[in-house]
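Geometric and topological summary
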Amino acid sequence: MSNYYFQVLGIIDKLNEWNEQLNGFAQEHLDSVWVGAAAIGIIMVIVVWGINTLNK
């Protein structure tokens, strides 16, 4: 049981590290309105594609 505890702590530490890296990247690169609009457009294209694929 205690072995799983240390594995979970390792996973949580890795996720926190990735979160800090993503926050740093977003803070540097995603302050533009155009980047946000492009991200929403990409998400919408993926959603429409997924709905069309699942409705076949």
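To be clear, the structure that these remarks concern was listed above.
Residues numbered from 1 in each chain as written. Predicted model: local features only at pLDDT ≥ 70, side-chain atom pairs only at ≥ 80, totals over all residues. Heavy atoms only, no water.

Scanning the protein chain for helices and strands turns up two helices and zero strands. Projecting the C-alpha coordinates of the protein chain onto the three principal axes gives extents of approximately 45 × 40 × 5 Å. The 56 residues of the protein chain split such that 2% are buried. Looking at the protein chain as shown, the accessible area adds up to about 5400 Å², and 68% of this sits on carbon and sulfur atoms. (Helix = DSSP H or I, 4+ residues; strand = E, 2+ residues; numbered from the N terminus. Buried < 20%, exposed > 50% of the residue type's maximum accessible area, 1.4 Å probe, protein only. Areas by Shrake-Rupley, 256 points an atom, 1.4 Å probe, with all protein chains shown as cover.)

This next bit is on a nonpolar patch on the surface. Judged by side-chain polarity, Tyr5, Phe6, Val8, Leu9 and Ile12 come together as a nonpolar surface patch covering roughly 500 Å² of accessible area. For Ile12, the position within the fold is in helix H1 (residues 2-29). (Patch = residues over 30% accessible without salt bridge, like charges linked within 9 Å, V, L, I, M, F, W, Y side chains within 5 Å. Salt bridge = Lys/Arg side-chain N within 4 Å of Asp/Glu carboxyl O.)

Turning to the pattern of salt bridges, a few remarks are in order. Scanning the entire structure with this criterion turns up one salt bridge. Ionic pairing is found between Lys14 and Glu17, a salt bridge with its closest N-O pair at 4.0 Å. With Lys14 and Glu17 both in helix H1 and three residues apart, this pair spans about one turn of that helix.

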